[in-house]
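One-letter residues, chain by chain:
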Number of protein chains: 2
Amino acid sequence: MQAVLNYLESRQQQFVEELREYVSHPSVSAQTDHRADMQRCADWLAAHCRDLGLQVRVHDTPGHPIVVARTPRRRGRRHFLVYGHYDVQPPEPLELWSTPPFQPQIRAGALYGRGASDNKGQHWAHLKAVEAYLRTGTELPCDLTFLIEGEEEVGSVSLESFLHRHRKELACEAVVVSDTGLPARDLPALTYALRGIAAFELVIHGPDRDLHSGIFGGSVHNPAVVLCQLLGRVHDSRGRVTIPGFYNEVEPLTAGERQQLRRLPFSERAYRKLLGVPALFGEAGYTPNEQRMARPTFEINGLTSGYQGEGSKTIIPAWARAKVTMRLVPRQRPATILRRVRAFFRKHCPRSVRMEFIPGHGCAPYRLDPAHPWARAARSALERAFGRKPVLMREGGSIPIVIRFKEILRAETLLLGLALPDDNAHSPNEKFDLEVFARGQRMSAWLWQELAR
Amino acid sequence: MQAVLNYLESRQQQFVEELREYVSHPSVSAQTDHRADMQRCADWLAAHCRDLGLQVRVHDTPGHPIVVARTPRRRGRRHFLVYGHYDVQPPEPLELWSTPPFQPQIRAGALYGRGASDNKGQHWAHLKAVEAYLRTGTELPCDLTFLIEGEEEVGSVSLESFLHRHRKELACEAVVVSDTGLPARDLPALTYALRGIAAFELVIHGPDRDLHSGIFGGSVHNPAVVLCQLLGRVHDSRGRVTIPGFYNEVEPLTAGERQQLRRLPFSERAYRKLLGVPALFGEAGYTPNEQRMARPTFEINGLTSGYQGEGSKTIIPAWARAKVTMRLVPRQRPATILRRVRAFFRKHCPRSVRMEFIPGHGCAPYRLDPAHPWARAARSALERAFGRKPVLMREGGSIPIVIRFKEILRAETLLLGLALPDDNAHSPNEKFDLEVFARGQRMSAWLWQELAR
């Protein structure tokens, strides 16, 4: 193991140069004029993996290629998957970048460029740890498969059917994903839970056309008023959702979990300033971090009705529409929650209007017991690499691919994020911290030891 | 008087031909390419009035010309104003017209063409009654001034300052306006009250940009949710507005007024079908006609917030906005009501968001006591011309010019509408009923007798 660590220690400059070349590929999956760049980036990655001695295939898909790279197999070893993505967000607006997004530069201990931390740098750390084993002739304690897709930023459309078709080859003990964050350079984290999501649209139909509010107003129900009444009763004054059964399946936070979340650096004043609000607001009885990571929400994402232009138009609108998404937490199920929400609105909607409830996409929440053997192994690896006990975190967003791994491969996912809060993922001046990069490589090197135990 | 009536009786065909020529002018005030047509129409009208022996001036304005035509003056007679407008609504969509809008045709006892009933035919009836007096050498019992503007369909922008500048010349006992409706060909109406209006916008500002609902959702107040909560509490389940003081100044309907409104032909089933709603809804304790003519309302005209495109976008919107207009009834005052509404929202708006209340245009409601001498005179004239006691009606819309007459000229207005409910004002296939036209002329002829008493 010392040989592996020494190898990593001595090769930092080379690794950063390689990463710089990787990041220089403008692999923007959302923009069709980058289609050839996507192929070139996948081929470059495949060639690099082959050079390391991995067995590589580049799979064509209806979208962008998927790169699969396997370490040499040995009978009796556990098999783990390392997931990542080589596609990146569009770099626009370009004028806000200090240096060009695809001409990566090193400044103040970080590599700046689109995709540096999301996600090229993060899976590069794992690849370099494997390289250290292979190049030093140290036996890898596990079999590994790198699964690096090119459509993460556009919804991983091709990956689901790919997982179905290759489920035997990809069958594994667990999936390792470094695509989330850590709170600080010296505070590593295991993200053990994700919120799910359930979307719907609520449309209230009133008269069959916009009506003159002078001639008819008063004798016909205004659908925008009804929509506001229905949505206005969803929350009570303490920020709780009043829909019957909304919290039924919610797993309460344990004292231990709450203690872990309190370890996260947090200043209410700084947070308030970051969001630009006069005061924070959330479900009573929970801290802001608990509210946004571990409690379910009901959010209106959009409202549309009637006249929206300049000045005023004196109409009773024909209809009013709201777009809503709910964030769900472990063990809430999207279909069950949507059913209860629909029943709630049905019950309270007056018969003077027609209500339309349109269920949308859903994704289950995710939780891996932090005491699970794989989670323990990951925590040990993080502690060895960073020299500090990792914090056990939750993530407020949803990562649908984690649910797909669970459903299709029956595998749990270890979320070992290496992005700092100020790494500007999806924003101009994205960067990847080189100290975190190095620690990430050591974390990966230890991880295979721990997971093999 | 018999000579006047005989004259009218014998000239119907000629009057209809003249009206047909008047309606053939495409005097669309809203469309700049009809600017020359507007001038031609005003000049044609002025020439016609001069031929009748009226003293005429065409006044230029920053918008379209105003035609003022005075009957020969005689000392000691009362002076009344007859208001009308020669401008018309745009005729589009043209493909829905059975015959071209500016090539008027007679079918089934009605003249079809844009502007036939709104408003050319209606003030033409008054002009023809005056012609009958002048051509038969019958003494007109009053001095009259026709004030025919060209901007009614675009907000009467030039008229207010015109009234101010000419207030001495226009000083009068009352204004006669035929620009509203009557319930049926054989049921004349005096419209003695109009609703007023007060507009505002309510904007709730949350975070200083749209936020990711996964990362931040739960810890920050969603401004669209707050907007719905505020607007959702404005009405109770019985359709009453809950804003303190909203009804304070409302003059209750008398038993007599309610009896009059019950005379209006009304079928709930037909009305429901006309609006295309599953059921009617309004303030409990009032009939639909009372609700829409004589009770105040609070209507959301438009809602805007966040993402409104296809699919979903998982954001907490930075702001949410509602456009609202309230219809007011006699003696509510726009400024007072706006103050109470603002106070209501201020009181209930949480401090986790910033509320912006933007007052908009307002117009006072109007009411003329149906027992007022001028109203009595008008009722007699209507009964003589139509052979039936007129119904005393209210109008749910607002006619700002009536308030201007009251404020600037200190004159009450007699609303003696000649448009039938199916005359398609503002719609394709606008028409004017020729039987109502003839009765309107007789009504006008009698009116000057009654008003002179």
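Residues numbered from 1 in each chain as written. Chains lettered and ligands numbered in written order. Predicted model: local features only at pLDDT ≥ 70, side-chain atom pairs only at ≥ 80, totals over all residues. Heavy atoms only, no water.

A. Looking closely at the packing of helix α1 (residues 2–10) of chain B against helix α14 (residues 434–452) of chain B. Residues and elements named next belong to chain B. Interaxial distance between α1 and α14 falls to 10 Å at its minimum, and their mutual angle equals 160°. Taken as axis vectors, α1 and α14 run roughly antiparallel relative to one another. In this structure, α1 crosses over α14, and the sense of that crossing is right-handed. On α14, the residues that touch Val4, Leu5 and Leu8 of α1 are Gln441, Arg442, Ala445 and Trp446. Of the residues belonging to the contact of α1 with α14, the class tally is five nonpolar, one polar and one charged. (Axes fitted to C-alpha atoms, helices over the stretch in contact; angles between N-to-C directions. Helix = DSSP H or I, 4+ residues; strand = E, 2+ residues; numbered from the N terminus. Parallel < 35°, antiparallel > 145°, perpendicular 65-115°, else oblique. Left-handed = near helix turned anticlockwise from the far one by under 90°. Contact = heavy atoms within 4.5 Å. Nonpolar A, V, L, I, M, F, W, Y, C, P; charged D, E, K, R; others polar.)

B. Quick peek at the confidence of the model for chain A. Residues of chain A with pLDDT of at least 70 account for 100%, and the chain-wide mean is 96. Scored by ipTM, the complex comes to 0.92, with pTM at 0.91. (pLDDT = per-residue confidence, 0-100.)

C. Highlighting the pairing of strand β1 (residues 55–59) of chain B. Residue and element names in this part refer to chain B. Pairing of β1 with strand β2 (residues 66–70) involves five bridges; the strand directions are antiparallel. Counted as the bridge partner of histidine 59 is isoleucine 66 from β2. Between β1 and β2, which pair antiparallel and follow one another directly, the connecting turn spans six residues. (Pairing = 2+ DSSP bridges.)

D. Local environment of helix α3 (residues 35–51) of chain A. All names here are of chain A. Look at α3: 25 Å from first C-alpha to last across 17 residues, which is about the 24 Å you get at 1.5 Å a residue. Residues of α3 that are buried include every one of Asp37, Met38, Cys41, Ala42, Trp44, Leu45, Ala46, His48 and Cys49, and no others. On its buried face, α3 is in contact with α2 (12–23), β1 (55–59), β2 (66–70), α4 (116–136) and β6 (143–149). Downstream of α3 by a residue or two, glycine 53 has a phi angle that is positive, lying close to 100°. (Expected span 1.5 Å × (residues − 1). Buried < 20%, exposed > 50% of the residue type's maximum accessible area, 1.4 Å probe, protein only.)

E. Inspection of unusual backbone geometry at higher detail. Along the chain, proline 330 of chain A connects to arginine 331 of chain A via a cis peptide bond; the corresponding omega equals -15°. Across the junction of glutamate 92 of chain B and proline 93 of chain B, the peptide omega takes the value 0°, indicating a cis bond. With respect to the helices and strands, proline 93 of chain B occurs in the loop between β3 (79–85) and β4 (105–107). Unlike most non-glycine residues, serine 156 of chain A shows phi in positive territory, near 50°. One can find serine 156 of chain A in the loop between β6 and α5 (159–165).

F. Spotlight on the side chain of threonine 180 of chain A. All names here are of chain A. Tracing the chain through its elements places threonine 180 in the loop between β7 (174–177) and β8 (189–194). A distance of 3.4 Å separates a polar atom in the side chain of threonine 180 from the backbone nitrogen of glycine 417. Apart from residues no more than four positions distant in its own chain, threonine 180 is found in contact with Gln122, Thr191, Ile399, Leu415, Leu416, Gly417, Leu418 and Ala419. (Polar contact = N/O pair within 3.5 Å; in protein donor to acceptor, adjacent residues only side chain to side chain.)

G. Representation of the domain arrangement of chain A. All names here are of chain A. Partitioning chain A into structural domains gives domain 1 (2–194 + 365–452) and domain 2 (196–250 + 296–361). The C-alpha centroid of domain 2 is placed 40 Å from the C-alpha centroid of domain 1. Listed per partner, the contact involves eight residues of domain 1 and seven residues of domain 2. Taken together, the connections running from domain 1 to domain 2 amount to zero salt bridges. In this structure, the connection of domain 1 to domain 2 is made through one residue pair in polar contact (both at pLDDT 80 or more). Of the residues in the side of domain 1 that touches domain 2, the class split is three nonpolar, three polar and two charged. (Domains from an automatic or database assignment. Salt bridge = Lys/Arg side-chain N within 4 Å of Asp/Glu carboxyl O.)

H. The interface of chain B and chain A, seen in detail. In this complex, chain B contributes 73 residues to the contact, which on the side of chain A involves 73 residues. At the boundary of chain B with chain A, total buried surface from both sides reaches about 5500 Å², with 53% on carbon and sulfur atoms. Of all residues in chain B, Ser219, Phe281 and Leu303 of chain B give up the largest surface area on contact with chain A, accounting jointly for 11% of the area buried on that side. On inspection of chain B and its partner chain A, the count reaches zero salt bridges. The interface formed by chain B and chain A contains 39 residue pairs in polar contact (both at pLDDT 80 or more). Sort the elements by how many residues they give to the side of chain B that touches chain A and strand β11 (residues 297–306) of chain B lands first, with ten residues. Grouping the constituent residues of the side of chain B that touches chain A by class yields 28 nonpolar, 31 polar and 14 charged. For strand β11 (residues 297–306) of chain A and β11 of chain B, the ladder comprises five bridges, and the chain directions are antiparallel. Within β11 of chain B, the position partnered with glycine 306 of chain A by the bridge is glycine 302 of chain B. (Buried area = accessible area lost by both parts, 1.4 Å probe.)

I. Broad picture of the packing of aromatic side chains. Per the counting criterion, the structure on display carries 30 aromatic pairs over all chains. For the pair phenylalanine 80 of chain A and tryptophan 374 of chain A, a centre-to-centre distance of 5.3 Å together with 85° between the ring planes defines the contact as edge-to-face. One end of the pair, phenylalanine 80 of chain A, is in strand β3 (residues 79–85); the other, tryptophan 374 of chain A, is in helix α12 (residues 373–386), and 294 residues separate them in sequence. The exposure class of phenylalanine 80 of chain A is buried, given its relative accessible area of 0%. Using a relative accessible area of 13% as the deciding quantity, one classes tryptophan 374 of chain A as buried. With a centroid separation of 6.2 Å and an interplanar angle of 40°, the aromatic rings of phenylalanine 216 of chain A and tyrosine 271 of chain B are classed as tilted. Residue phenylalanine 216 of chain A is found in the loop between β10 (211–212) and α7 (223–232), and its partner tyrosine 271 of chain B is found in helix α9 (residues 268–275); the two belong to separate chains. Residue phenylalanine 216 of chain A shares its accessibility class with tyrosine 271 of chain B, and that shared class is buried. (Phe/Tyr/Trp six-rings, centres within 6.5 Å; stacked < 30°, edge-to-face > 60°.)

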